[in-house]
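Spelled out, the chains give:
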Amino acid sequence: MSGTIICAVDNSGSAGAAVQVARRLAERFGARILLVGFAGGFAARGGNGDGLSAGQARADATRQMERIAGPDDLSLVEQRVAEGDEPAEALAVIAAEEAADLIVVGARRGLFGRTLRTAFAQELAETAPCPVVVAPPEAAGVVVGRLVAERLRQE
Amino acid sequence: MEAATHGTAVFEARSSRAMGPKTSVRTRKPLVCGVDDSAYGRAAARVAARLAERLRRALLVVHVTRVPAAFGDSAAAAGERGLRRGESLLATVIAEEGLGPADHRVELGAAADRLAGVAEEEDAELIVVGSRGRGALRAALLGSVSSQLIASAPCPVLVVPPGAAATCLSGGRTGARSTGNGGSRRQKIGLRKQGATHHRPFLEGA
């Protein structure tokens, strides 16, 4: 093992793209992947978390990560939940605690307007203690399609 | 746009060269790094060089400049001037940052637009850029290069935040930024080999 790659998993369709890019980089570098899900303000902002208790939000975040990881992928078993109303800041704090070498997030393209879809990534890119890779949704192809369909079903 | 119409021809020319003898690195998707003379641009270049080395990818260092056609200058003359300045800037940055065997190229136009264009032409694996840090208001009004790229790039974008840049900065200057409008001519200025690279833990391996 040499290094830690944090992969952000939110409830938009871009998480699949982020995981795919993180996996590719982790393989090349022999790094570990730490999935980070979001509870609190971010979940609410994403459109699914309104009115959730903190416990429910955490459980949702965990479920989201488990869904992304699948039952068999041992490279995605390390998981943490970022809490609070400032997701970029919470993620930056976790990155610092874990001495992460890289953060991978999805670009959320296509689900929001141009400003919203890049706002989180941009905020992170300004505050993170390590480089941030922003994966375009196209990188995930089928995975993204599946997640978007899933999201639409939930709504 | 001129870039769009010339894109195919340029790509074909490159592809045919990529079939030549020196192909082990070139046939794989390259990393594209946008640099300027600022500390942030240089930090991005260093991170990109280390990644390219570890991933065994070719590195294409790109400087995008906008050239004002002012004071009676023709657009062509302004473009030439921009290219010359860009070339000398790239030569300096590559030498001073020890970027190793990196192709480099000067592009005229808007930074995010041209970087995304180059990434597409070269079928890049990743675009690496720096970030100037908290400029929320400015970014909201004008859009920053990194946020525009995130929204439009054909491949993943690696942004080196100022906080991360500080840890791998050994100095660096705050550089001038050019303004105004330019065409879309590109130029490639050779291959350079250089020795040492800087290292951070992630890229040092086990």
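1. As for the overall build of chain A
And then number 1: A tally of regular secondary structure across chain A gives six helices and five strands.
And then number 2: If you list the helices and strands of chain A from N to C, you get β-α-β-α-α-β-α-β-α-β-α.
And then number 3: A total of 155 residues make up chain A; the buried ones form 55% of that total.
And then number 4: In chain A, the share of contacts with a sequence separation of at least 24, taken over all contacts with a separation of at least 6, comes to 78%.

2. Observations concerning the overall build of chain B
And then number 1: A tally of regular secondary structure across chain B gives eight helices and six strands.
And then number 2: When the elements of chain B are put in sequence order from the N terminus, they spell out α-β-α-β-α-β-α-β-α-α-β-α-β-α.
And then number 3: Buried residues in chain B amount to 50% of all 206 residues.
And then number 4: Considering only intrachain contacts with a sequence separation of at least 6, the fraction spanning at least 24 residues in chain B is 83%.
And then number 5: In the form shown here, chain B has an accessible surface area of approximately 9,600 Å², with 54% of it arising from carbon and sulfur atoms.

3. Section: the confidence of the model for chain A
Residues and elements named next belong to chain A.
And then number 1: Model confidence for chain A is summarised by a mean pLDDT of 77, while 72% of its residues fall at 70 or above.
And then number 2: In the predicted structure, residues 42-49 sits below a pLDDT of 50 and forms 21 contacts with residues beyond four places in sequence or in another chain.
And then number 3: Taken as a whole, residues 139-148 scores under 50 in pLDDT and shows 14 contacts with residues more than four places along the chain or in a different chain.

4. Digging into the pattern of salt bridges
And then number 1: Going through the model one piece at a time under the given rule, you end up with 19 salt bridges over all chains.
And then number 2: The salt bridge partner of Glu 96 of chain B is Arg 42 of chain B, with a shortest N-O separation of 3.0 Å. Note that Glu 96 of chain B is positioned in helix α3 (residues 75-96) and Arg 42 of chain B in helix α2 (residues 39-55), a separation of 54 residues in sequence.
And then number 3: Two residues, Glu 121 of chain B and Arg 114 of chain B, come together in a salt bridge whose shortest N-O distance is 3.4 Å. Take Glu 121 of chain B and Arg 114 of chain B: they sit in the same class, and that class is buried.
And then number 4: Residues joined in a network through salt bridges with shared partners are Arg 32, Glu 78, Arg 80, Glu 97 and Glu 98 of chain A.

5. Remarks on the confidence of the model for chain B
Residue and element names in this part refer to chain B.
And then number 1: Residues at a pLDDT of 70 or more form 59% of chain B, whose mean pLDDT is 69.
And then number 2: Mean pLDDT across the elements of chain B ranges from a minimum in strand β6 (residues 186-192), with 27, to a maximum in strand β1 (residues 31-34), with 96.
And then number 3: With pLDDT under 50 throughout, residues 1-24 is counted as low confidence; its partners more than four residues away or in other chains account for 16 contacts.
And then number 4: Counted against residues more than four places away or in other chains, residues 168-201, with its pLDDT under 50, gives 99 contacts.
And then number 5: The ipTM assigned to the predicted complex is 0.75, against a pTM of 0.71.

6. Section: the nonpolar core
And then number 1: In terms of nonpolar packing, the biggest core is built from 51 residues, with Leu 35 of chain A together with Leu 59 and Leu 158 of chain B touching the most fellow members.
And then number 2: Apart from the residues within four sequence positions on either side, Leu 59 of chain B is in contact with Leu 31, Cys 33, Ala 48, Ala 49, Ala 52, Ala 102 and Asp 103 of chain B.
And then number 3: In this structure, Val 132 of chain A together with Val 64, Ala 112 and Cys 155 of chain B belong to the second largest nonpolar core, which totals 41 residues.

7. Remarks on the interface of chain B and chain A
And then number 1: With 36 residues of chain B in contact, the opposing surface of chain A contributes 30 residues.
And then number 2: Together chain B and chain A conceal approximately 2,600 Å² of surface at their shared face, both sides included; 60% is due to carbon and sulfur atoms.
And then number 3: At the junction of chain B with chain A, the criterion picks out two salt bridges.
And then number 4: Between Arg 28 of chain A and Glu 125 of chain B there is a salt bridge, with the nearest N and O atoms lying 3.7 Å from each other.

8. Structural notes on the pairing of strand β5 (residues 132-135) of chain A
Within a regular beta strand, the side chains point alternately toward one face of the sheet and then the other, so they alternate between its two faces.
And then number 1: Because side chains alternate across β5 of chain A, one face comprises the buried residues Val 132 and Val 134 of chain A, and the other comprises Val 133 and Ala 135 of chain A, equally buried.
And then number 2: Note: strand β4 (residues 102-106) of chain A against β5 of chain A, four bridges, orientation parallel. Bridging from a neighbouring strand, Ile 103 of chain A pairs with Val 132 of chain A of β5 of chain A.
And then number 3: Bridging between β5 of chain A and strand β5 (residues 157-160) of chain B involves three bridges; their strand directions are antiparallel. When the sheet's bridge partners are listed, Val 134 of chain A is paired in β5 of chain B with Val 157 of chain B.

9. Describing the packing of aromatic side chains
Residue and element names in this part refer to chain A.
And then number 1: Considering all chains together, one arrives at one aromatic pair over all chains under this definition.
And then number 2: When the ring of Phe 38 is compared with that of Phe 120, the centres are 5.7 Å apart and the planes differ by 85°; the resulting orientation is edge-to-face. In this pair, Phe 38 sits in strand β2 (residues 32-38) while Phe 120 sits in helix α5 (residues 114-127), placing the two residues 82 residues apart along the sequence. Take Phe 38 and Phe 120: they sit in the same class, and that class is buried.

What counts and what doesn't
Residues numbered from 1 in each chain as written. Chains lettered and ligands numbered in written order. Predicted model: local features only at pLDDT ≥ 70, side-chain atom pairs only at ≥ 80, totals over all residues. Heavy atoms only, no water. Helix = DSSP H or I, 4+ residues; strand = E, 2+ residues; numbered from the N terminus. Buried < 20%, exposed > 50% of the residue type's maximum accessible area, 1.4 Å probe, protein only. Contact = heavy atoms within 4.5 Å. Areas by Shrake-Rupley, 256 points an atom, 1.4 Å probe, with all protein chains shown as cover. pLDDT = per-residue confidence, 0-100. Salt bridge = Lys/Arg side-chain N within 4 Å of Asp/Glu carboxyl O. Core = buried A, V, L, I, M, F, W, Y, C linked by side-chain atoms within 4.5 Å. Buried area = accessible area lost by both parts, 1.4 Å probe. Pairing = 2+ DSSP bridges. Phe/Tyr/Trp six-rings, centres within 6.5 Å; stacked < 30°, edge-to-face > 60°.

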